[in-house]
Amino acid sequence: MMAAMPSEAAADPDPVATVRRWVDAARRVVVLTGAGISTESGIPDFRGPQGVWTRNPQAEKQSTLQHYLADPEVRKAAWRSRLAHPAWTAQPGRGHLALVALERRGRLHALITQNIDELHRIAGNSPARTIEVHGTMRRVVCWGCGDRMPMQEVLARVRAGEDDPACPRCGGILKSDTISFGQALVPEVIDRALAAAGEADLLLAVGTTLQVYPVAGMVPLAKEAGARVVIVNDQPTALDALADAVLRGPIGELLPVICGD
Ligand SMILES: [Zn+2]
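Quick caveat, the model's predicted, so the values are computed rather than measured.

**Notes on the coordination of the zinc ion**
Moving on, step 1. The protein atoms that coordinate the zinc ion are C142 (SG), C145 (SG), C167 (SG) and C170 (SG), at distances of 2.3 Å.
Moving on, step 2. Sequence positions of the donors to the zinc ion reduce to the motif C-x2-C-x21-C-x2-C. Taken as a pair, C142 in strand β4 (residues 135-142) and C167 in the loop between α8 (151-159) and β6 (174-178) lie far apart in primary sequence, 25 residues in all. Taken as a pair, C142 and C167 share a single burial class, namely buried.

This is the structure:
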């Protein structure tokens, strides 16, 4: 049996303990998170079996910039789903709290997230170390004048009967301040994230299928710069073959063990 193992890593009888040792020895852990870290908080992911787009392919249209801007019906549906979004009552999960502990322990260099729920900040990670590459659903931006306002202000108008609320300043189309499909990333934000990934001595990718670039590209980037790469996810990812260790299991159980106090 041992002879069949392709590598030393695969033969590791306790990869969780090994990763814990790596985390303890690291000076600049860069964590990259995706939707999988928030499912324990009741926020569904996109592509999983219970994912938003798996269950309702129409919902993907609401996340596509050209459809959103062109079609008031798409916007009305988007506002209805924002109103009902589980994020408004969600609490950080064990995975989020483990990353707060990692920062408290002085190991966290940067926390790069594809999530728009702000649960990392709500859990207590400092804004200075948290890089939200896809923006935040807790804020609204006007597509006309660029003005930004709290999401809850606009949702109050939806609740009061406006089905497609317009910008109070210029009458423009309002959208959550997130990166939709067909929308460019914010260059300063993605540059900051890429720079941090290049400075990592350990890159921990958590709850992301690593299919969306340029974010997924941080994994090979960190690896080439000399970092160890650890992937934690409950399903296989596109970049498992690049990782020094892949931990497959519930994020809420694994992260406290590898990052916690
Ligand atoms: Zn405006």
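**Quick notes on the pattern of salt bridges**
Moving on, step 1. In the structure shown here, the tally under the stated rule is 14 salt bridges.
Moving on, step 2. Between R148 and D177 there is a salt bridge, and its shortest N-O distance comes to 2.6 Å. Taken together, the residues span a long stretch of sequence, with R148 in strand β5 (residues 148-150) and D177 in strand β6 at a distance of 29 residues.
Moving on, step 3. Under the relative-accessibility criterion, R148 is labelled partly exposed at 47%.
Moving on, step 4. Between R157 and E162 there is a salt bridge, with the nearest N and O atoms lying 2.8 Å from each other.
Moving on, step 5. Its relative accessible area of 22% is what places R157 among the partly exposed residues.
Moving on, step 6. Residue E162 is classed as partly exposed on the basis of its relative accessible area of 35%.
Moving on, step 7. Among the ionic contacts, a cluster of salt bridges with common partners joins R20, D24 and R105.

**Quick look at empty space enclosed by the protein**
Remark: the empty space left among the atoms is shown by a probe the size of a water molecule rolled over them.
Moving on, step 1. Scanning the entire structure with this criterion turns up one cavity of 30 Å³ or more.
Moving on, step 2. Space inside the largest cavity adds up to approximately 30 Å³.
Moving on, step 3. Lining of the largest cavity is provided by T113, N115, D117, E118, L119, H120, T130 and E132.
Moving on, step 4. Among the secondary structure elements, those contributing two or more residues to the lining of the largest cavity are α7 (119-123) and β3 (130-132).
Moving on, step 5. For the lining of the largest cavity, the per-class residue count stands at one nonpolar, four polar and three charged.

**With respect to the side chain of E103**
Moving on, step 1. Note on placement: E103 falls in helix α6 (residues 94-104).
Moving on, step 2. No salt bridge is formed by the buried E103; the nearest opposite charge belongs to R129, separated by 4.1 Å.
Moving on, step 3. Side chain to side chain, E103 and S126 meet in a polar contact 2.6 Å long.
Moving on, step 4. Apart from residues lying up to four places away in sequence, E103 is in contact with L108, N125, S126 and R129.

**Section: the sheet that holds β5**
Moving on, step 1. Strand order in the open sheet formed by three strands is β5-β4-β6, and the pairing between neighbours is antiparallel. Of all strands in the sheet, those bounded by a partner on one side alone are β5 and β6. Pairs of neighbouring strands in the sheet enclose a mean axial angle of 45°, with direction left out of account.

**A closer look at the environment of R107**
Moving on, step 1. Secondary-structure assignment places R107 in the loop between α6 and β2 (108-113).
Moving on, step 2. Given the relative accessible area of 24%, R107 is considered partly exposed.
Moving on, step 3. A sequence separation of 57 residues divides R107 from D164, and the C-alpha atoms of the two residues are 45 Å apart.

**Examining the sheet that holds strand β1 (residues 29-33)**
Moving on, step 1. An order of β3-β2-β1-β7-β8-β9 is seen for the six strands of this open sheet, with the pairing classed as parallel. Since the sheet does not close on itself, it has two edges, and those belong to β3 and β9 (245-248), each with one partner. Averaged over neighbouring strand pairs, the angle between their axes works out to 15° when direction is ignored.
Moving on, step 2. On the sheet, helix α1 (residues 15-25) packs against β7 (202-206), β8 (228-233) and β9 and is oriented at approximately 120° with respect to β9.
Moving on, step 3. Contacts between helix α9 (residues 187-199) and the sheet are confined to β1, β2 and β3, with β3 contributing the most and set at about 135° to the helix.

**Regarding unusual backbone geometry**
Moving on, step 1. Looking along the chain, the bond that leaves Y213 and enters P214 is cis, with omega of 10°.
Moving on, step 2. Take P214: it is sitting in the loop between β7 and α10 (218-224).
Moving on, step 3. The backbone of E118 sits at a positive phi, close to 60°, despite the residue not being glycine.
Moving on, step 4. Within the secondary structure, E118 sits in the loop between β2 and α7.
Moving on, step 5. Although it is not a glycine, L210 sits at a positive phi angle of roughly 55°.

Calculation rules
Residues numbered from 1 in each chain as written. Predicted model: local features only at pLDDT ≥ 70, side-chain atom pairs only at ≥ 80, totals over all residues. Heavy atoms only, no water. Donors = N, O, S within 2.8 Å, 3.2 Å for Na, K, Ca; no water. Helix = DSSP H or I, 4+ residues; strand = E, 2+ residues; numbered from the N terminus. Buried < 20%, exposed > 50% of the residue type's maximum accessible area, 1.4 Å probe, protein only. Salt bridge = Lys/Arg side-chain N within 4 Å of Asp/Glu carboxyl O. 1 Å grid on protein atoms, 1.4 Å probe; cavity = no way out; pocket = protein on both sides within 12 Å on 5 of 7 lines; lining within 4 Å. Points joined across faces, edges and corners; volume = space filled by probe spheres on them. Nonpolar A, V, L, I, M, F, W, Y, C, P; charged D, E, K, R; others polar. Lys, Arg positive; Asp, Glu negative; His and termini not counted. Polar contact = N/O pair within 3.5 Å; in protein donor to acceptor, adjacent residues only side chain to side chain. Contact = heavy atoms within 4.5 Å. Pairing = 2+ DSSP bridges. Axes fitted to C-alpha atoms, helices over the stretch in contact; angles between N-to-C directions.

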